[in-house]
Amino acid sequence: MSAPTATRSVRRRTAARLALLSLIALPWVVLPLWLLLVNSVKPMGEASLLGLGLPKTWALGDNYATVIREGHYLRALTNSLMVVVPTIAVVVVLGAMAAWGYARSRSMTAKVAYNATVLSVVLPPAVLPTIYELQTLHIDGSRLGYFLVLTGTRMGSVIFLATGFVKSIPRELEESAAIDGASRPQIFARIIFPLVVPVLLVGSVILIISTWNEFFFAEFLLQGQDRATLPLALYQFASASADQSVMRWNLIFAHVVLTSLPIVLVYLAVQRRVIPGLSSGAIKG
């Protein structure tokens, strides 16, 4: 097969794949997203029809201002940031340290501990024992208790991603640094951590999405509207609309948009480094 013919064949296969993916994405991604966005800028009467057309009367400013005011958006945003930011920082740093220890240890105890830690990725959450433990520690219903639960339940995913990556790092780098007088913390901070940043970035994106959208534990562990995170505030706002016997879909959709907006902005900011991190993890893991 000649080069021009092979090139045309590759282009046809690529076009066919793109067409197939577009057909799949249209009903499951594009249309729901458009439905969400277009109805968030309609008045209540138009939005209740859940149509796909553009609004006859635009209510963008009124809808979003009402959500920020009545949905306590800024307070919920602050609560989410107060939980998510420290959770990501602690899980990433401690997870990288644990992954380094598991990757370099040959003891059976470390292998058992690693497998037990990674099991948290697939095991269902134990709500009642968690609540009992937090009550025993007198931190139930607090942000601290919620933070500790999120940290413990998310640690396994970072350790799982990073351990295989650390195993691919030559030990000679650490041995050379130790000969030069570097301590264990210095070896981790100057050699191990910078090398695992790509896979940690991927893990961070996964963590941000899962912790930002976390609702299950928030419903049981956070008490009072003053501590509600964005998903919990959205649920409370939608429930209040349902109690009024009229679903204000325009406001609910606007709340969903505002709740998702920070995640979208974070992804747009780091997307150029996410793909290389996934590739590095696939090659080195």
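## Regarding the pattern of salt bridges
Thinking step 1. A complete count under the given rule lists three salt bridges for this structure.
Thinking step 2. As a salt-bridge pair, R75 and D226 come within 3.1 Å of each other at their nearest N and O atoms. Of the two residues, R75 is situated in helix 4 (residues 73-104) and D226 in the loop between helix 10 (216-221) and helix 11 (230-243); the sequence distance between them amounts to 151 residues.

## Overview of the environment of F237
Thinking step 1. Relative to the elements of secondary structure, F237 occurs in helix 11.
Thinking step 2. A sequence separation of 167 residues divides F237 from E70, and the C-alpha atoms of the two residues are 8.1 Å apart.

## A closer look at the confidence of the model for the protein chain
Thinking step 1. Counting all residues, the mean pLDDT for the protein chain is 85, and 91% of those residues have values of 70 or more.
Thinking step 2. Model confidence for the protein chain, summarised as mean pLDDT per element, is weakest for helix 12 (residues 249-284) at 75 and strongest for helix 4 at 93.
Thinking step 3. Between residues 279-285, whose pLDDT stays under 50, and residues either more than four places distant or in other chains, the model counts eight contacts.

## Things to note about the nonpolar core
Thinking step 1. I192, V196 and L200 are the most contacted members of the largest nonpolar core, which has 44 residues in total.
Thinking step 2. It is helix 4 that provides the largest number of residues to this core, a total of 11 residues.
Thinking step 3. Apart from residues lying up to four places away in sequence, V196 is in contact with F165, V166 and I169.
Thinking step 4. Among the nonpolar cores identified, the runner-up in size contains 14 residues, and V127, I139, V149 and L232 belong to it.

What counts, and where the lines are drawn
Residue positions are given per chain, counting from 1 as you read along its sequence in written order. Totals for whole chains, interfaces and linings use every residue, but because this is a predicted model, local features are given only for residues with pLDDT of at least 70 and side-chain atom pairs only at 80 or more, for both listing and counting. By convention in this description, side-chain values take in all heavy atoms of the structure and omit both hydrogens and water. Just to be clear on terms, a salt bridge is a Lys or Arg side-chain nitrogen sitting within 4 Å of an Asp or Glu carboxyl oxygen. Runs of E in the DSSP output that reach at least two residues are strands. Runs of H or I that reach at least four are helices, and both are numbered from the N terminus. Note: pLDDT gives the predictor's confidence per residue, expressed from 0 to 100. In what follows, a contact means two residues having at least one pair of non-hydrogen atoms within 4.5 Å. For the purposes of this section, nonpolar cores are sets of buried Ala, Val, Leu, Ile, Met, Phe, Trp, Tyr and Cys residues that join through side-chain atoms within 4.5 Å. For every residue, the accessible area obtained with a 1.4 Å probe (protein chains only) is divided by the maximum for its type, and the residue is called buried under 20%, exposed over 50%, and partly exposed between those limits.

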